[in-house]
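Close look at the chain arrangement
Residues per chain, in single letters:
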Amino acid sequence: MNLRNIIKPYPSPIITGRGIDLDFPMLVGCLTLLGLGLVMIASASTEVAAAQSGSALYYMTRHLIYILLGLVACVVTMMIPIATWQRLGWLMLIGAFGLLVMVIIPGIGREVNGSMRWIGFSFFNVQPSEIAKVFVVIYLAGYLVRRQKEVRESWMGFFKPFIVLLPMAGLLLMEPDFGATVVMMAAAAAMLFLGGVGLFRFSLMVVLAVAAVVLLIQMQPYRMARLTNFADPWADQFGAGYQLSQALIAFGRGEWLGVGLGNSVQKQFYLPEAHTDFVFSVLAEELGAVGSLCTLALFVFVCIRGMYIGLWAEKAKQFFAAYVAYGLSFLWIGQFLINIGVNVGLLPTKGLTLPFLSYGGSSLVICCACLGLFLRIEWESRTHLGSEEMEFSESDFAEEPTHGR
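In this report, the structure presented in the accompanying data block is examined.

Conventions adopted
Residues numbered from 1 in each chain as written. Predicted model: local features only at pLDDT ≥ 70, side-chain atom pairs only at ≥ 80, totals over all residues. Heavy atoms only, no water. Patch = residues over 30% accessible without salt bridge, like charges linked within 9 Å, V, L, I, M, F, W, Y side chains within 5 Å. Areas by Shrake-Rupley, 256 points an atom, 1.4 Å probe, with all protein chains shown as cover. Salt bridge = Lys/Arg side-chain N within 4 Å of Asp/Glu carboxyl O. Helix = DSSP H or I, 4+ residues; strand = E, 2+ residues; numbered from the N terminus. Buried < 20%, exposed > 50% of the residue type's maximum accessible area, 1.4 Å probe, protein only. Contact = heavy atoms within 4.5 Å. Core = buried A, V, L, I, M, F, W, Y, C linked by side-chain atoms within 4.5 Å. Axes fitted to C-alpha atoms, helices over the stretch in contact; angles between N-to-C directions. Left-handed = near helix turned anticlockwise from the far one by under 90°. Nonpolar A, V, L, I, M, F, W, Y, C, P; charged D, E, K, R; others polar. Expected span 1.5 Å × (residues − 1). Phe/Tyr/Trp six-rings, centres within 6.5 Å; stacked < 30°, edge-to-face > 60°.

**Quick word on a nonpolar patch on the surface**
On the surface, Trp 155, Phe 159, Phe 200, Leu 204 and Leu 208 cluster together to form a nonpolar patch covering roughly 510 Å² of accessible area. Sorting elements by how many residues they give to the nonpolar patch places helix 11 (residues 199-219) first, with three residues. Looking at the element boundaries, Trp 155 is found in helix 9 (residues 155-174). Taking relative accessible area as the criterion, Trp 155 reaches 37% and is therefore assigned partly exposed.

**Observations regarding the side chain of Ser 43**
Position of Ser 43 among the secondary structure elements: in helix 2 (residues 24-44). Since its relative accessible area comes to 6%, Ser 43 is described here as buried. Discounting chain neighbours no more than four positions away, the residues touching Ser 43 are Leu 261, Gly 262, Lys 267 and Glu 286.

**Some points on the nonpolar core**
In terms of nonpolar packing, the biggest core is built from 101 residues, with Met 26, Leu 328, Trp 332 and Leu 357 touching the most fellow members. Sort the elements by how many residues they give to this core and helix 15 (residues 319-343) lands first, with 14 residues. With near-sequence residues (within four places) excluded, Leu 357 lies in contact with Leu 33, Leu 36, Gly 37, Ile 41, His 63, Val 279, Leu 283, Thr 295 and Phe 299.

**A closer look at the packing of helix 15 against helix 16 (residues 361-383)**
At a minimum axis distance of 10 Å, the contact between helix 15 and helix 16 shows a crossing angle of 145°. In this structure, helix 15 crosses over helix 16, and the sense of that crossing is left-handed. The residues of helix 16 that touch helix 15, namely those facing Ala 321, Val 324, Ala 325, Leu 328, Ser 329 and Trp 332, are Cys 367, Cys 370, Leu 371, Leu 373, Phe 374 and Ile 377. Of the residues assigned to the contact of helix 15 with helix 16, the class counts are 11 nonpolar, one polar and no charged.

**Observations regarding the pattern of salt bridges**
Taken as a whole, this structure holds nine salt bridges when the rule is applied. Among the salt bridges present, the one from Arg 147 reaches Glu 150, with a minimum N-O distance of 3.6 Å. For Arg 147, a relative accessible area of 38% corresponds to the partly exposed category. Salt-bridge contacts for Lys 267 lead to Glu 286; the nearest nitrogen and oxygen are separated by 3.7 Å.

**Describing helix 15**
Here helix 15 is 25 residues long and its end C-alpha atoms lie 36 Å apart, about the 36 Å a rise of 1.5 Å per residue gives. Within helix 15, 21 of the 25 residues are buried, which leaves the element mostly enclosed by the surrounding structure. Gly 345 lies just past helix 15 and shows a positive phi near 85°.

**Looking at the packing of aromatic side chains**
Applying the stated rule across the entire model yields 14 aromatic pairs. Look at Tyr 59 and Tyr 359: their rings are 5.1 Å apart centre to centre, the planes differ by 80°, and that puts the pair in the edge-to-face class. Remark: Tyr 359 occurs in the loop between helix 15 and helix 16 and Tyr 59 occurs in helix 4 (residues 58-79); sequence separation between them is 300 residues. Taken together, a centroid distance of 6.0 Å and an interplanar angle of 85° make the contact between Trp 155 and Phe 200 edge-to-face. Of this pair, Trp 155 sits in helix 9 while Phe 200 sits in helix 11; the two residues are 45 residues apart in sequence, bridging distant segments of the chain. Judged by its relative accessible area of 61%, Phe 200 is exposed. Grouped by ring-pair contacts, the aromatic residues Trp 155, Phe 158, Phe 159, Phe 162 and Phe 200 constitute a single cluster.

**Thoughts on unusual backbone geometry**
Here the residue pair Glu 175 and Pro 176 is connected by a cis peptide bond, since its omega of -5° sits within 30 degrees of zero. Tracing the chain through its elements places Pro 176 in the loop between helix 9 and helix 10 (178-194). Despite not being glycine, Lys 317 shows a phi value in the positive range, around 65°. With respect to the helices and strands, Lys 317 occurs in the loop between helix 14 (279-315) and helix 15. Accessibility expressed as a relative area gives 63% for Lys 317, which makes it exposed.

See below:
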């Protein structure tokens, strides 16, 4: 049985009458970030890996395995019609709740640095919050399509999604994972706004969200300490401000062109989490301001490309696909802004990975799966084959229009 028979009656961007038919600008941008991430993990983790495992390439090897798994996830995701994701929205939401409940159960969830964010298996850990954020986007996109008129015209249509979002945010805060909560809620708010929520109701939501964030910060002393310390890390540079001060030293050492790939000093046990949350600081030290700005340009490109993919789907009247693309784009934008903001000292220290670059299996595989969704959405919108009722066969794709984007 060959691959063509397995995926019938659902052709994909990988196997069509014209061969591989992908949005290459988006693909190349994300693959470039993946390659850069592998290089930076290889550089930033050598000292820690040698001390912890005896092999300087331990984390790089695992990261490469995660990349391969992520590429498999990307290919599988591209083979699934967007209509199937829409039908499975409720099941995915239930699965997200189940994972978030499991991770806070002692004996199932694994505690690292005081947080229970992982479900441990023999060779790898799964971070449910990464999966839950994507599942929430898919569920909310389906809701916005089903209740479009209600969302735009009534308060009830506006408040109904929060019956789901607030309990999920509560589960994330129990881990605790404040960063994932903020990213998820911000993406949901952006999706509601693009779904047609009026400006007054959206403004009210923003005010309530800001008030909730302030309240949550004040409820936990460690969050308040982070908020006060990031404003002046040098006041306690060997205590609460240590991590941020070391990150800023890395940026300062990098200057314009960097100290050279592999020549970072901060990764040698000065900067904690150098290959995870603070990999961008090591990148800035080794590649300098020029390398940092080029990396930021790549991030901006893939996020803007993701928004355009949503716009193209909306113009093709494929509204569910459009909302999914918008939501995933905002998830990436939120994580990019928070992680880089933390690295440069514009935001309080927060444990949130940098998509495609940071070490971490769950984040990397989910990012690749999201890339697969983007490529599928772009292909369906370009070929106008996003209807849930249509059944496809390979003969439908014998001749397709040329790539116009």
